[in-house]
Amino acid sequence: MEFQHVSVLLHETIESLKIKPDGIYVDGTLGGAGHAREVCRRLSENGRFVGIDQDREALAASEERLREFGEKVSVVKSNYVEIAQVLRDLQIDKVDGIVLDLGVSSYQLDNAERGFSYMADAPLDMRMDRDQTLSAREIVNEYPENELVRILREYGEERFASRIAANLVREREKKEIETTFELVEIVRNSMPAKAKNGKGHPAKRTFQAIRIACNHELEVLSEALDQMIELLNDGGRLCVITFHSLEDRIVKNCFRRNERPCTCPPDFPVCVCGRKSKGIVITRKPIRPTRDEQMENTRSTSAKLRVFEKKEET
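Residues numbered from 1 in each chain as written. Predicted model: local features only at pLDDT ≥ 70, side-chain atom pairs only at ≥ 80, totals over all residues. Heavy atoms only, no water.

**Some remarks on the nonpolar core**
In terms of nonpolar packing, the biggest core is built from 67 residues, with Leu225, Leu238 and Phe255 touching the most fellow members. Ranked by the residues each element gives to this core, the list is headed by helix H12 (residues 217–230), at seven residues. Excluding its chain neighbours within four sequence positions, the residues that come into contact with Leu225 are Leu100, Leu238, Val240, Ile250, Val251 and Cys254. With 24 residues, the next largest nonpolar core counts Val8, Ala33, Cys40 and Val73 among its residues. (Core = buried A, V, L, I, M, F, W, Y, C linked by side-chain atoms within 4.5 Å. Buried < 20%, exposed > 50% of the residue type's maximum accessible area, 1.4 Å probe, protein only. Helix = DSSP H or I, 4+ residues; strand = E, 2+ residues; numbered from the N terminus. Contact = heavy atoms within 4.5 Å.)

And the structure:
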């Protein structure tokens, strides 16, 4: 299957980066190289681009699509949380812009064998990095009931987490749960008729929660953002596209904390904590896809772009 992915908020992200022709830019979720190609087109021969992805299939596709840009491009298999080490290995100290396009690519959703979609029957997998050992199958079949409840509630904001977890445990005692449709059926049977026949697929929140747990997505995001800001040159920008409230909350809070890190009580006449601002939040409200983009690509509907600019105090 050819790697296909429609880049969300493409124009808005490229504009927000304020690309310098001789700058250094990183895409921490390279995917199909949609954002990457637009960045590289704006770079001079002295510019440099680094693409990071943990999905080997994405890397193979993006390397081919970026081949025309020659030696200014470096593509690395890694998780974006390892960005500092990746840059050290490439002998890069600071960069002028970083892009993160979070969530699952269209290719991963549409390629049934990856097990991300509740719309196609496939083995339970959901690994973004297929070299890792933990998969959705292990989570569903081996995690204790109370941990399944926590995952469904925290990562999926699922109202029926307790029922779903209890039924998962009951069914796996009969036989191992092996496929996406088996999981979908258990989720359906755990919900009252009104809920499972309402708007949206009844298994959407469960699949989101298990995918997030499988790939440690929120932990990785929380750990990576502060170090990304540290890696920016003065005036450099970090652009992050999120697709659900949990991710967006982490990004919003991180940007706010780096803009206003002071922990002194409001009535203190001067700051004594010594925490200095790292920059400014460019997007007081997140940038959303236009109506036209949402109509052309329904997967963009929930996308939000937030932008932070590094400002070194003088």
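**Section: the sheet that holds strand S1 (residues 24–27)**
One open sheet holds the seven strands; their spatial order is S3-S2-S1-S4-S5-S7-S6, and the pairing between them is mixed. With partners counted over all chains shown, the strands left at the sheet margins are strand S3 (73–77) and strand S6 (279–281), one partner each. Within this sheet the neighbouring strands show an average axis-to-axis angle of 15°, counted without direction. Relative to strand S7 (residues 304–310), S6 runs antiparallel, the two sharing three bridges. Looking at the pairing, Gly279 lines up with Lys310 of S7. On top of the sheet, helix H1 (residues 10–17) reaches S1, strand S4 (95–101), strand S5 (232–242) and S7; it is set at about 165° to S5, its chief contact. Relative to the sheet, helix H3 (residues 56–65) contacts strand S2 (48–53) and S3, its axis offset from that of S3 by approximately 170°. (Pairing = 2+ DSSP bridges. Axes fitted to C-alpha atoms, helices over the stretch in contact; angles between N-to-C directions.)

**Digging into the packing of helix H11 (residues 204–215) against H12**
At a closest axis distance of 6 Å, the pairing of H11 and H12 adopts a crossing angle of 55°. Relative to H12, H11 is oriented oblique. Of the residues in H12, those touching H11 at Arg211, Ile212 and Asn215 are Glu217, Leu218 and Val220. Of the residues in the contact of H11 with H12, the class split is three nonpolar, one polar and two charged. (Parallel < 35°, antiparallel > 145°, perpendicular 65-115°, else oblique. Nonpolar A, V, L, I, M, F, W, Y, C, P; charged D, E, K, R; others polar.)

**Some details on the pairing of S5**
Where burial is concerned, most of S5 is hidden: eight out of the 11 residues are buried. Taken together, the six bridges between S4 and S5 define a ladder with parallel strand orientation. Opposite Ile98, over in S5, you have Leu238 as the bridge partner.

**Considering helix H2 (residues 34–41)**
Looking only at H2, the buried set comprises His35, Ala36, Glu38, Val39 and Cys40. Contacts from the buried residues of H2 go to H1, S1, S2, S3, S4 and S5.

**Points about unusual backbone geometry**
Phi at Gln91 takes a positive value of approximately 60°, unusual for a residue other than glycine. Positive phi, normally seen in glycine, also occurs at Glu157, with a value near 50°. The partly exposed category is assigned to Glu157, whose relative accessible area is 36%.

**Examining the pattern of salt bridges**
Using the criterion set out here, one finds 29 salt bridges in the structure. For Arg130, the salt bridge is made with Glu57, and the minimal N-O distance between the two is 2.7 Å. Of this pair, Arg130 sits in the loop between helix H5 (106–110) and helix H6 (136–142) while Glu57 sits in helix H3, and the two are 73 residues apart along the sequence. Its relative accessible area of 30% is what places Arg130 among the partly exposed residues. Overall, the relative accessible area of 26% leaves Glu57 in the partly exposed class. Its salt-bridge partner being Glu309, residue Arg237 comes within 2.8 Å of it at the nearest N-O pair. Placement of Arg237 in strand S5 and of Glu309 in strand S7 is noted, with a sequence separation of 72 residues between them. (Salt bridge = Lys/Arg side-chain N within 4 Å of Asp/Glu carboxyl O.)

**Points about the pairing of S7**
The buried count for S7 comes to six of seven residues, which makes it a mostly enclosed element. With six bridges joining them, S5 and S7 adopt antiparallel strand pairing. Within S7, the residue paired with Ile241 across the bridge is Leu305.

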